[in-house]
Amino acid sequence: MNSLRQMGLEQAIRRVASPIHSFSLAARGRRLGVCLDQQGAAIGRDVLDSMLLDHAAMHGAVVRQNSVATLVESSNDGCTIGVSDREGSEEISAAVVIVADGLAGNFLPRDGRWESRTAKGSYFGVGTRLPPGTAGALCEPGTIAMRCGCAGYFGAVLLNDGSVDVAAALSPEKTKQLGGPGAAVRQLAIESGSPEHADVLATARWRGTPLLTRRRIVEAPGIFVVGDAAGYVEPFTGEGMSWGLAAGLAVARHADASLTRRYQLGAWTNEWKRLADRRRVACRATAIALRSPTLIAVSIRIANAIPAAAHALSSVVSGPWRMSVPERVRA
Ligand SMILES: Cc1cc2nc3c(=O)[nH]c(=O)nc-3n(C[C@H](O)[C@H](O)[C@H](O)COP(=O)(O)OP(=O)(O)OC[C@H]3O[C@@H](n4cnc5c(N)ncnc54)[C@H](O)[C@@H]3O)c2cc1C
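Here the structure is a predicted model, which means the values were calculated and not measured.

### What to know about the domain arrangement of the protein
Thought 1: The domains assigned to the protein are domain 1 (2-45 + 123-211 + 292-327) and domain 2 (64-119 + 212-283).
Thought 2: Relative to domain 2, the C-alpha centre of domain 1 lies at a distance of 28 Å.

### Points about the pattern of salt bridges
Thought 1: Within the structure shown, the criterion is met by 11 salt bridges.
Thought 2: A salt bridge links Arg 253 to Glu 271; the nearest nitrogen and oxygen atoms lie 2.6 Å apart. Remark: Glu 271 occurs in helix α8 (residues 267-290) and Arg 253 occurs in helix α7 (residues 240-259); sequence separation between them is 18 residues.
Thought 3: On the accessibility criterion, Arg 253 (52% relative accessible area) is exposed.
Thought 4: Residues participating in the shared-partner salt-bridge network are Asp 46, Arg 129, Asp 161 and Asp 165.

### Focus: the packing of aromatic side chains
For any pair of aromatic rings, the description consists of the separation of the ring centres together with the inter-plane angle of the planes.
Thought 1: Under the defined criterion, the tally for this structure stands at three aromatic pairs.
Thought 2: For the ring pair Trp 268 and Trp 272, a centre distance of 6.2 Å and an interplane angle of 40° mean the geometry is tilted. Pair noted here: Trp 268 and Trp 272 are both in helix α8, with a separation of four residues, about one helical turn.
Thought 3: The class of Trp 268 is buried, set by a relative accessible area of 0%.

### Remarks on the environment of Ser 242
Thought 1: Tracing the chain through its elements places Ser 242 in helix α7.
Thought 2: Looking at Ser 242, the relative accessible area reads 25%, which means it is partly exposed.

### Things to note about the sheet that holds strand β3 (residues 68-75)
Thought 1: Spatially, β3-β4-β5 is the arrangement adopted by the three strands of the open sheet, whose pairing is antiparallel. The open sheet has two edge strands with one neighbour each: β3 and β5 (88-94). Geometrically, the sheet is characterised by an average inter-axis angle of 20° between neighbouring strands, direction not taken into account.
Thought 2: Here seven bridges tie strand β4 (residues 78-85) to β5, and the two strands are oriented antiparallel to one another. Bridging from a neighbouring strand, Cys 79 pairs with Ala 94 of β5.

### Describing the pairing of strand β11 (residues 164-170)
Thought 1: With five of seven residues buried, β11 lies mostly within the body of the structure.
Thought 2: Where strand β8 (residues 124-130) and β11 come together, seven bridges link them in antiparallel fashion. When the sheet's bridge partners are listed, Gly 127 is paired in β11 with Ala 167.
Thought 3: From the end of strand β10 (residues 152-158) to the start of β11, which pair antiparallel, there are five residues, and Gly 162 there has a positive phi angle of about 90°.

Rules behind the numbers
- Each chain carries its own residue numbering, running from 1 in the direction its sequence is written.
- Reporting of local features is limited, given that this is a predicted model, to residues whose pLDDT is at least 70; pairs of side-chain atoms are given and counted only at 80 or more, and all residues count toward the totals for whole chains, interfaces and linings.
- Water and hydrogen atoms play no part in the side-chain values, which are based on all heavy atoms of the structure.
- Source of the domain bounds: an automatic or database domain assignment.
- One side-chain nitrogen of Lys or Arg within 4 Å of one carboxyl oxygen of Asp or Glu is enough to make a salt bridge.
- Numbering goes from the N terminus for both helices and strands, where a helix is a DSSP run of H or I of at least four residues and a strand is a run of E of at least two.
- A 1.4 Å probe rolled over the protein chains alone gives each residue an accessible area, and that area as a share of the maximum for its type sets the label: buried under 20%, exposed over 50%, partly exposed in between.
- Pairing of aromatic rings covers Phe, Tyr and the six-membered ring of Trp, with a centre-to-centre limit of 6.5 Å; geometry is then stacked below 30 degrees between planes, edge-to-face above 60, and tilted otherwise.
- Strands qualify as paired when DSSP identifies two bridges or more between them.
- Here an angle of 0 to 180 degrees is reported between the N-to-C directions of two axes, which are lines fitted to C-alpha atoms, with helices fitted over the stretch in contact.

Written out as structure tokens, the structure reads:
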């Protein structure tokens, strides 16, 4: 929310988002519910993205949707970008380019210096939106429900229109063995103690991402890479959007400096590392813990018995949310 506040969008987002005040974690039939210190907000990407685009347009950006851009060439004097859409294609010259094309983006050539290094054991992501009335009580209003199992984990949140947004990070090997993403998420629901939701999850239409955990270089003369395109760990702590927005705000200063030739190559790389590395370590620790549903289940059992342990577990899995008092309510 900090970045959205800086952009003057926080209030507008809160008006259309569902407030989030608690988090529930389950593995091997054990559950833990915790309150959040700060109120979060759940919003569909369609709504958030269109608000961000309108905001950019209002501040002078020319928005071109349904277009594909690729880097044609770059030198110390600037870049040439190819842009194509249904109407045709054209080349545009740019003194500076900010690349925010996500995990699956193809703006930069995928080989040579721009190639991403994917971590061993990396999960891939899938997501779906369950229409209103189809997900039963998969998640309570105002709660992020996380469910862990052998094939990975999924999170579900109820949106304002009654639909439920579900996203999962899955092991490629286990997903293949189980017969695909629907079957893998079904298995996660059963293992974590929600068998009543197994069928609706199995038959949902899942959209996938490439392998998640990756790194690459994030700049070259006149080119700055931000967001998932710059590197990613795992979505469990729900930080991808805040990293992306924070990086978008931070890179503006470097892009400006590069236009006036006051820029020192490497400054963005250093700032990106500063922004990302601390969070990356925390995310990586969470990701490792999540590879063992038994460890999570034992931790939940201890956390339910000892409030101080609940606090410790919460801070490991909560990422930016900072959880506080364990709830003795439905998780
Ligand atoms: C399973 C899963 C669950 C997640 N859950 C959360 C969550 O709860 N909270 C959270 O904060 N984050 C979450 N994330 C992470 C979050 O979705 C990403 O971190 C965030 O979307 C990154 O934003 P981005 O702008 O870098 O990339 P993206 O959102 O991927 O946007 C990139 C855009 O660039 C476009 N594009 C690609 N190539 C080109 C091209 N050549 N020309 C033109 N356009 C192009 C794409 O179509 C896309 O619109 C989750 C991720 C996954 C995989």
